[in-house]
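Read off the chains here:
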Amino acid sequence: MRPPAGLSRAALDAWAVLMPTECSGCGMPDRALCGVCRAALAPRAHSSERSGVLVWSALDYSGVARRVLGAFKDGGRTDAAGALAGPLRVAVAAALATIPEGVGVHLVTVPSSQQAWRIRGYHPVELLLRHSGLRPTRLLRTVGETQDQVGLGSAERGRNRTGSLVANRSLSGLRILVVDDILTTGATVLEVRRALLAAGGEVVGVATLAETRRRFPVAESTSKTD
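Here's a quick rundown of the structure. (Residues numbered from 1 in each chain as written. Predicted model: local features only at pLDDT ≥ 70, side-chain atom pairs only at ≥ 80, totals over all residues. Heavy atoms only, no water.)

Here we take up the environment of Glu202. Mapping Glu202 onto the fold places it in strand E9 (residues 202–211). On a C-alpha basis, the gap between Glu202 and Ser172 in space is 7.7 Å, while along the polypeptide they are 30 residues apart. The contact partners of Glu202, leaving out residues within four places of it in the chain, are Leu174, Arg175 and Ile176. (Helix = DSSP H or I, 4+ residues; strand = E, 2+ residues; numbered from the N terminus. Contact = heavy atoms within 4.5 Å.)

For the rest of this paragraph, the subject is the packing of helix H4 (residues 81–96) against helix H6 (residues 124–131). Relative orientation of the contacting elements H4 and H6 amounts to 80°, with a least axis distance of 8 Å. By the criterion of interaxial angle, the relationship of H4 to H6 is roughly perpendicular. Contact with H4, carried on its side by Ala81, Gly82, Leu84, Ala85 and Leu88, involves Val125, Leu127, Leu128, Leu129 and His131 of H6 and no other residues of that element. Of the residues belonging to the contact of H4 with H6, the class tally is 8 nonpolar, 2 polar and no charged. (Axes fitted to C-alpha atoms, helices over the stretch in contact; angles between N-to-C directions. Parallel < 35°, antiparallel > 145°, perpendicular 65-115°, else oblique. Nonpolar A, V, L, I, M, F, W, Y, C, P; charged D, E, K, R; others polar.)

On to unusual backbone geometry, then. For Ser51, which is not a glycine, the phi torsion comes out positive at approximately 50°. The residue Ser51 is located in the loop between strand E3 (46–50) and strand E4 (53–60) in this model. Residue Ser51 is classed as exposed on the basis of its relative accessible area of 69%. (Buried < 20%, exposed > 50% of the residue type's maximum accessible area, 1.4 Å probe, protein only.)

Okay, structure coming up:
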């Protein structure tokens, strides 16, 4: 059971005694995250490519980050949102830093399927963006249902996603940054990019919270954390 929002540090300590919870990173009795696991989520922005598209990410999708993200997305542990929001903001900032100045950029996420919304009751990436003080723009909608990507190979993920999204309207004149939580094969962000381009939008970059490292080296990295 999660504590109510807005409690003071002392109140949180008291809540932890009365209603103990576990760290979503290691399982030790604590609050949302213990100090060690929180430190393990320190962002390190780095870039990689998927099908020629540059993607900026803040965390490696392994260890503590993988467990915390899994608990956040599929275990209802929204109490970890604050700790994950900072790294996502770092990835977004890194992507925006490579874009020439001009008119404003819209942040666009992958819309949740009806099934995912029914199960979770919230959109994970939009929730993290709002915790980061950023506002996503809803420009896409799903067309039909897709399979869960877990367990699918690279080619299967591509087929599963291709054609699954469409823009709500013409996006001519809009500059857009695609934002997602986990980068694996890139099938999801590439489908978002395809749908946005098809509607006339200009996709200026891609940012994800975490990346599953590929066997080829990253293009660039930085230790900048804010």
